[in-house]
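# Overview (structure and organization)
One letter stands for each residue in the lines below.
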Amino acid sequence: MLINLQMKVIKLNLKGILGIITLCMASLLVGVAYADEPIKTSYADMENIQIDGEWTYGSEWKPTSFDKFSYDKEDAIVLRTGHQDKFFYVFIDYLTDFTYDHIADRAIVCFDGYGTSSVADESDWCYAVSRGSGNGHTLQGGSPIYQTSHFNLVKNHPDFVAHGGTSGENDRYVLTPHAAYEFRIPIEQIGFQDEYGFFIQVSDGNDVKTYPKEFSGKFPQKIPSPAKWGKLISPDHSISDWLKSISSK
């Protein structure tokens, strides 16, 4: 009788352990299924680009790579990325931000250039601009201060340009006026590589949307650890190839 009871207890414990293992495996599979995909960028002819905070003319950002992020409450952001020669171009088109919260509306784009670290270091760069402003700001990792997400405000590179504005009439997706942000970032600052850690944060008043999407929430939001950022890759190696072509001359 005692032996039979012990065997039943062992079987129950085994079932419980197997159930926990199954649940953990299912959770991992779900995590993989819903993980943010890497951003695949490409070379683009940007000779006629205007960094003015809007989709200026019909074909302006057409040569660039396209990504779209959907959030709760039907919020959506289109991200266009491309590079030409020594510049990287980013357009954040916040399709559903129809309100204008001066200064409270802003966008941040971050690159992790050389190896991922748990704390932002000097190879981590973020570029910020507020809506209604043509004066962007540059943040570089390496600060010991937790409250600033370990970033320092530094002097802008002379070739850096950013503008936050309102897109609409010529926009490829939504004609109703809405928030949009454009950046021209010198690649020499973030490093000529074919893979970067990548993060964006866009504020609509008290609401924050991000890539990766898991960091979306209420304002204010810190910039997460670079180890938790997404990826931006150049599949054809055109960023590093351009540097090689210049170096060989």
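The coordinates are above.
Source: prediction; values computed, not measured.

## Regarding the environment of Ile-187
Here Ile-187 is to be found in helix H2 (residues 187-190). By relative accessible area, Ile-187 is classed as buried at 0%. When sequence neighbours within four positions are dropped, the list of residues in contact with Ile-187 reads His-83, Asp-85, Lys-86, Phe-87, Phe-88, Phe-192, Tyr-196 and Ile-239.

## What about the pairing of strand E4 (residues 87-94)?
A large share of E4 lies buried, amounting to eight of its eight residues. Of the two faces of E4, the one lined by Phe-87, Tyr-89, Phe-91 and Asp-93 and the one lined by Phe-88, Val-90, Ile-92 and Tyr-94 are each fully buried. Judged from the eight bridges that link them, strand E3 (residues 76-84) and E4 form a sheet pairing that is antiparallel. Paired with Leu-79 across the bridge in E4 is Ile-92. Here E3 folds back onto E4 in antiparallel fashion, the turn holding two residues, of which Asp-85 has a positive phi close to 55°. Across seven bridges, the pairing between E4 and strand E10 (residues 178-186) is antiparallel. Bridged to Val-90 within E10 is Phe-183.

## Some words on the side chain of Thr-64
Inspection of the secondary structure assignment puts Thr-64 in the loop between strand E1 (39-40) and strand E2 (65-70). Exposure remark for Thr-64: the relative accessible area of 7% places this residue in the buried category. For Thr-64, the side chain forms a polar contact with the main-chain oxygen of Trp-61, separated by 2.5 Å. When residues no more than four places from it in sequence are discounted, the contact partners of Thr-64 are Ala-44, Met-46, Arg-80, Thr-81 and Gly-82.

## Considerations on the pairing of E2
Burial along E2 is one-sided: the residues Ser-65, Asp-67 and Phe-69 are buried and none of Phe-66, Lys-68 and Ser-70 is. Sheet topology places E2 next to E3; six bridges connect them, and they run antiparallel. If you follow Lys-68 over to E3, its bridge partner there is Val-78.

## Describing the environment of Ala-179
Positionally, Ala-179 belongs in strand E10. On the accessibility criterion, Ala-179 (0% relative accessible area) is buried. On a C-alpha basis, the gap between Ala-179 and Ile-92 in space is 8.5 Å, while along the polypeptide they are 87 residues apart. Beyond its immediate sequence surroundings of up to four residues, Ala-179 is in contact with Ile-92, Asp-93, Tyr-94, Asp-97, Arg-131 and Gly-165.

## Some points on the sheet that holds E3
On the basis of which strands lie adjacent, the open sheet formed by five strands has the order E2-E3-E4-E10-E9 and antiparallel pairing. With partners counted over all chains shown, the strands left at the sheet margins are E2 and strand E9 (161-167), one partner each. Neighbour to neighbour, the strand axes of the sheet diverge by 15° on average, direction disregarded.

## Notes on the packing of aromatic side chains
This structure, assessed with the given rule, holds 13 aromatic pairs. Pairing Phe-199 with Trp-229 gives two aromatic rings, centres 6.1 Å apart and planes at 20°, and the pair type is stacked. Of the two residues, Phe-199 sits in strand E11 (residues 195-204) while Trp-229 sits in the loop between strand E13 (217-218) and strand E14 (230-233), which places them 30 residues apart along the sequence. Note on Phe-199: relative accessible area 0%, which makes it buried. When its relative accessible area of 8% is taken as the criterion, Trp-229 is described as buried. Each residue in the set Phe-69, Phe-88, Phe-111, Tyr-196, Phe-198 and Tyr-211 is aromatic and connected to the rest through ring pairs, giving one cluster. Over the face of the ring belonging to Tyr-100 we find Arg-131, whose NZ or CZ atom lies 4.7 Å from the ring centre.

Conventions adopted
- Within each chain, residue numbers correspond to sequence positions counted from 1 in written order.
- Note on the predicted model: pLDDT of at least 70 is required for a residue's local features to be given, and 80 or more for side-chain atom pairs to be given and counted; whole-chain, interface and lining totals, by contrast, use all residues.
- To obtain the side-chain values, all non-hydrogen atoms of the structure were used and water was disregarded.
- Each helix is a run of H or I in the DSSP string that is no shorter than four residues. Each strand is a run of E no shorter than two, and both are numbered from the N terminus.
- Each residue is placed in one exposure class: buried if its accessible area under a 1.4 Å probe, protein chains only, is under 20% of its type's maximum, exposed if it is over 50%, and partly exposed if it falls in between.
- The criterion used for residue contact is that any of the two residues' heavy atoms lie within 4.5 Å.
- Strand pairing is defined by DSSP finding a minimum of two bridges between the two strands.
- N or O atoms closer than or at 3.5 Å make up a polar contact, with two conditions inside protein: a donor-capable atom paired with an acceptor-capable one, and, for residues adjacent in sequence, both atoms drawn from side chains.
- Every axis in this analysis is a line fitted to C-alpha atoms, fitted for helices over the stretch in contact. Angles between the N-to-C directions lie between 0 and 180 degrees.
- Classification of ring pairs rests on two measures: the distance between centres of Phe, Tyr or Trp rings, Trp counted by its six-membered ring, which must be within 6.5 Å, and the angle between planes, read as stacked under 30 degrees, edge-to-face over 60 and tilted in between.
- Criterion for a charge above a ring: Lys NZ or Arg CZ within 6 Å of the ring centre, and within 35 degrees of the ring normal.

Shape descriptors only; they carry no functional weight alone.
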